[in-house]
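Chain residues, written in single-letter form:
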Amino acid sequence: MAKLGTFEVALIVGLCALSMSLTNAFEASGWIKGHATFYGGSDASGTMGGACGYGDLYSTGYGTATAALSTALFNDGAACGQCYTIKCDFNSDPQWCKRGTQVTITATNFCPPNYAEPNNAGGWCNPPLQHFDMAQPSWEKIGIYRGGIIPVNFQRVPCASNGGVRFTINGRDYFQLVLITNVGGAGSIQSAQIKGSKTGWINMSRNWGANWQANGYMDGQSLSFRLTSTDGTTKQFDNIAPSSWRFGQTFTSSIQF
C-alpha cells in the first residue's frame, strides 16, 4: 500500500474539518407566511435601543436591517439576534408589494400586542400572529409606503456577521450583566457560562433580551465565556477580557459561530 505524504494527510484532515463545519452549520428554515409593517422613520432613528438591549444599532453592527418581532416570534427575548429573509407576497397583494425583492433583517426589538384592536385591524402583533414591524428603510425595499401593511413570506436564515462575537460587560462588583452581540450562525444564544481566572464555570441566566447575568466577584480576573447557540452549537471564548477589564467595556473575540 502506498504511503500518504504530509500534504495528502493535511488535505484529508482539512476536508474532514470542513465537512464537520458544514454539517454543524445552521440551515435556513422553510418559507412561512406572515405580515409586516414598519416603524422608526425613514432614517430608522426610532428603532434604536429596543427590547433586545442592543442600544445604538449602528455601533453594534445591525444598522437599519432590523425588525421588532411579535410575541409568537420573539419568545421572551430568546429570538434576539436571529436573522430572517423576508419578501412581500406579490401574488396576495400586487398593489403594495414590490415584485422580486427580498431583504434580510436581524431581530432587535419586540412588537407588543395590542389587545384593544382585532388581529386583522391594528392588533398585528397579537398572538398567535407571526408579524414583523420592520425598520422603515428595510420595509420599503419590499413594499410600497402607502400600503402600510403587507403580506410576506419569511424564513429564518443563518446570520452572516463581520468579525467575532462581542461581549459588553456591565454591572457592579458581585453582579455581571453581559450583552452578547454580533452572533453568527443561528444568531441567538440558548445558554451562557462565564469563568474568571480564579473560578470554575458559572451558569448565566437571561436577564432581558440579549443580556445575560451572573453573580460572583470577578474583578481583577480575566474572563472567559462558553456559549451555546439555539441550534445547539457550543463555542468557548477563552480570556476574552483581560484582568484589567472595567465595567462598560466591550471585547471582541476572534471566534464566530
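Scope of this entry: the structure provided in the associated data block.

### Digging into the overall build of the protein
The secondary structure content of the protein amounts to three helices and 15 strands. Looking at the protein as a whole, 45% of its 257 residues are labelled buried. By sequence separation, contacts in the protein at least 24 residues apart represent 68% of the contacts at least 6 residues apart. Looking at the protein as shown, the accessible area adds up to about 12700 Å², and 53% of this sits on carbon and sulfur atoms.

### Thoughts on the side chain of Asp93
Structurally, the position occupied by Asp93 is in the loop between β3 (83-88) and β4 (103-110). Here Asp93 sits buried without a salt bridge, and the closest side chain of opposite charge, Arg99, lies 12 Å off (N-O distance).

### What to know about the sheet that holds strand β9 (residues 189-196)
Overall, antiparallel pairing links the four strands, which are arranged β10-β9-β13-β14 in an open sheet. Strands at the two margins of the open sheet, each flanked by one partner only, are β10 (201-203) and β14 (234-241). On average, adjacent strands in this sheet sit at an angle of 25° to one another, irrespective of strand direction.

### Quick word on the packing of aromatic side chains
For the coordinates displayed, the defined rule picks out 12 aromatic pairs. Seen from their ring centres, Tyr174 and Tyr217 are 5.0 Å apart, and the 45° between their planes marks the pair as tilted. Separated by 43 residues along the polypeptide, Tyr174 in the loop between β7 (166-172) and β8 (175-181) and Tyr217 in the loop between β12 (211-215) and β13 (223-229) bring together distant segments of the chain. Take Tyr174: its relative accessible area is 55%, and that puts it in the exposed class. Here Tyr217 falls in the partly exposed class, since its relative accessible area comes to 42%. Above the plane of the ring of Trp31 lies Lys87, whose end atom (NZ or CZ) is 4.1 Å from the centre. The ring of Trp201 has Arg226 lying over it, and the distance from NZ or CZ to the ring centre is 4.1 Å.

### Looking at unusual backbone geometry
Note on backbone geometry: most residues besides glycine have negative phi, and most peptide bonds are trans. Here Pro127 and Pro128 are connected by a cis peptide whose omega angle stands at 5°. Here Pro128 lies in the loop between β4 and β5 (131-135). Its identity as a non-glycine residue notwithstanding, Asn182 has a phi of 60°, on the positive side. Note that Asn182 resides in the loop between β8 and β9. Classification of Asn182 by relative accessible area gives buried; the value is 8%.

### Concerning the state of the cysteines
Inspection of the entire model under this criterion finds four disulfides. The partner cysteine of Cys83 in its disulfide is Cys159, sulfur to sulfur 2.1 Å. Between Cys83 and Cys159, the S-S torsion sits near 120°, and that sign places the bridge as right-handed. Here Cys83, found in strand β3, pairs with Cys159, found in the loop between β6 (150-157) and β7; they are 76 residues apart in sequence, far enough to count as distant. With relative accessibility at 7%, the residue Cys83 sits in the buried group. A sulfur-sulfur separation of 1.9 Å characterises the disulfide bridge that pairs Cys88 with Cys97.

### Structural notes on the sheet that holds β7
Spatially, the five strands line up as an open sheet ordered β11-β12-β8-β7-β15, and their pairing is antiparallel. Pairing within the sheet leaves two strands with one partner each, and these edge strands are β11 (205-208) and β15 (250-252). Between one strand axis and the next, the sheet turns by 35° as a mean value, whatever way the strands run. The sheet contact formed by β7 and β15 spans three bridges and is antiparallel. Its bridge partner being in β15, Thr168 is matched across the sheet by Thr250.

Thresholds, definitions, all that
- Residues numbered from 1 in each chain as written.
- Predicted model: local features only at pLDDT ≥ 70, side-chain atom pairs only at ≥ 80, totals over all residues.
- Heavy atoms only, no water.
- Helix = DSSP H or I, 4+ residues; strand = E, 2+ residues; numbered from the N terminus.
- Buried < 20%, exposed > 50% of the residue type's maximum accessible area, 1.4 Å probe, protein only.
- Contact = heavy atoms within 4.5 Å.
- Areas by Shrake-Rupley, 256 points an atom, 1.4 Å probe, with all protein chains shown as cover.
- Lys, Arg positive; Asp, Glu negative; His and termini not counted.
- Salt bridge = Lys/Arg side-chain N within 4 Å of Asp/Glu carboxyl O.
- Pairing = 2+ DSSP bridges.
- Axes fitted to C-alpha atoms, helices over the stretch in contact; angles between N-to-C directions.
- Phe/Tyr/Trp six-rings, centres within 6.5 Å; stacked < 30°, edge-to-face > 60°.
- Lys NZ or Arg CZ within 6 Å of the ring centre and 35° of its normal.
- Disulfide = S-S within 2.5 Å.

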